Amino acid sequence: MVRPRQGPRLLLAVVGALVALSYQLKRKSFILVYEVPVSDPVVVTTMDFLTKDFNKKNEDLYNFRIVRVLKAVKRTTDHLEYQVNLEMRRTTCLKSELTNCSFQEGKLYKKIDCYFSVFVIPWFEKYKVLAQNCTDV
């Protein structure tokens, strides 16, 4: 049984523990962070999502396609987060065309380097771009 004088101390200790726990839950502490091969099936589906999402949001008249993936890093918490560095080039296909297109040459040649951070829940096929930064090369 708790003595009358220890009640407020116990209550304060419980409240302090709950505040500390809720603060820790809000923080994003990564359990695992490591580089993954580009051939990993989740990386492949993530690249497909990124290409479609980039082309949909991009204001260029032509679609872009990934030339090569420079680096893919997997970060694991309560979800998966992939950080990807890649090169993309403008294709000969307009936005309305979805066929396999060759890359632009000459005046319309355009190459960009991009960094993406993507929230991924692969078993639900859920993707969300958390950060994106692309620069002309």
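Given the structure is predicted, the values throughout are model-derived calculations rather than measurements.

Definitions and limits used
- Residues numbered from 1 in each chain as written.
- Predicted model: local features only at pLDDT ≥ 70, side-chain atom pairs only at ≥ 80, totals over all residues.
- Heavy atoms only, no water.
- Patch = residues over 30% accessible without salt bridge, like charges linked within 9 Å, V, L, I, M, F, W, Y side chains within 5 Å.
- Areas by Shrake-Rupley, 256 points an atom, 1.4 Å probe, with all protein chains shown as cover.
- Salt bridge = Lys/Arg side-chain N within 4 Å of Asp/Glu carboxyl O.
- Helix = DSSP H or I, 4+ residues; strand = E, 2+ residues; numbered from the N terminus.
- Buried < 20%, exposed > 50% of the residue type's maximum accessible area, 1.4 Å probe, protein only.
- Pairing = 2+ DSSP bridges.
- Disulfide = S-S within 2.5 Å.
- Phe/Tyr/Trp six-rings, centres within 6.5 Å; stacked < 30°, edge-to-face > 60°.
- Axes fitted to C-alpha atoms, helices over the stretch in contact; angles between N-to-C directions.
- 1 Å grid on protein atoms, 1.4 Å probe; cavity = no way out; pocket = protein on both sides within 12 Å on 5 of 7 lines; lining within 4 Å.
- Points joined across faces, edges and corners; volume = space filled by probe spheres on them.
- Nonpolar A, V, L, I, M, F, W, Y, C, P; charged D, E, K, R; others polar.
- Contact = heavy atoms within 4.5 Å.

Q: Before we move on, could you go through a nonpolar patch on the surface and cite the residues and values that matter?
A: A contiguous nonpolar surface patch, about 300 Å² in accessible area, is contributed by Ile31, Leu32 and Tyr34. Looking at the element boundaries, Ile31 is found in the loop between helix H1 (6–26) and strand E1 (32–35). Of the residues examined, Ile31 reaches a relative accessible area of 63% and is grouped as exposed.

Q: Describe the pairing of strand E4 (residues 111–121), and please don't skip the residues or the numbers.
A: Across the 11 residues that make up E4, a large majority, 8, are buried. Of the pairings in the sheet, the one linking E4 to strand E5 (residues 126–136) comprises 10 bridges and is antiparallel in character. Note that in E5 the partner of Tyr115 across the bridge is Asn133. Linkage of E4 to E5, two consecutive antiparallel strands, is achieved through a turn of 4 residues, within which Glu125 is found at a positive phi near 50°.

Q: Hey, could you go over the state of the cysteines for me, with residue numbers and the actual values?
A: Applying the stated criterion across every chain, the model contains 2 disulfides. When the cysteines engaged in disulfides are numbered in sequence order, the chain pairs them as 1-2, 3-4.

Q: Requested: an account of the packing of aromatic side chains, with residues and values cited.
A: Taken as a whole and judged by the stated rule, the model has 3 aromatic pairs. With centroids separated by 5.1 Å and ring planes inclined at 20°, the aromatic side chains of Phe49 and Tyr127 adopt a geometry described as stacked. Here the residue Phe49 occupies a position in helix H2 (residues 41–57), and Tyr127 occupies one in strand E5, the gap between them amounting to 78 residues. When its relative accessible area of 19% is taken as the criterion, Tyr127 is described as buried. Ring centres of Phe54 and Phe64 lie 5.6 Å apart, and the angle between their planes is 85°; this geometry places the pair in the edge-to-face category.

Q: Account for the sheet that holds E4, with residues named and values stated.
A: Ordered by their spatial adjacency, 5 strands build an open sheet running E1-E2-E3-E4-E5, and the pairing between neighbours is antiparallel. Single-partner strands in this sheet number two, and they are E1 and E5. Strand-to-strand twist in this sheet, taken as the mean axis angle between neighbours without regard to direction, amounts to 30°. In this sheet, strand E2 (residues 62–76) lies alongside E1 in antiparallel orientation, the contact comprising 4 bridges. Counted as the bridge partner of Glu35 is Val73 from E2.

Q: Now, about the layout of surface pockets: what can you tell me, with residues and values included?
A: The volume enclosed by the largest pocket comes to roughly 340 Å³. Surrounding the largest pocket, 15 residues form its lining, Thr51, Asn55, Asn63, Glu97 and Leu98 being those nearest its centre. The class makeup of the residues in the lining of the largest pocket is 4 nonpolar, 6 polar and 5 charged.

Q: Go over unusual backbone geometry with me, naming the residues and quoting the values.
A: Of note in this structure, Glu125 is not a glycine but carries a positive phi near 50°. Inspection of the secondary structure puts Glu125 in the loop between E4 and E5. Overall, Glu125 belongs to the exposed group, its relative accessible area being 65%.

Q: Would you mind going over the environment of Val33 in detail, with residue names and values included?
A: Looking at where Val33 falls in the secondary structure, it is placed in strand E1. For the pair formed by Val33 and Tyr82, sequence separation is 49 residues and the distance between their alpha carbons is 9.6 Å. Those residues in contact with Val33 that sit more than four places away from it in its chain are Val73, Lys74 and Arg75.

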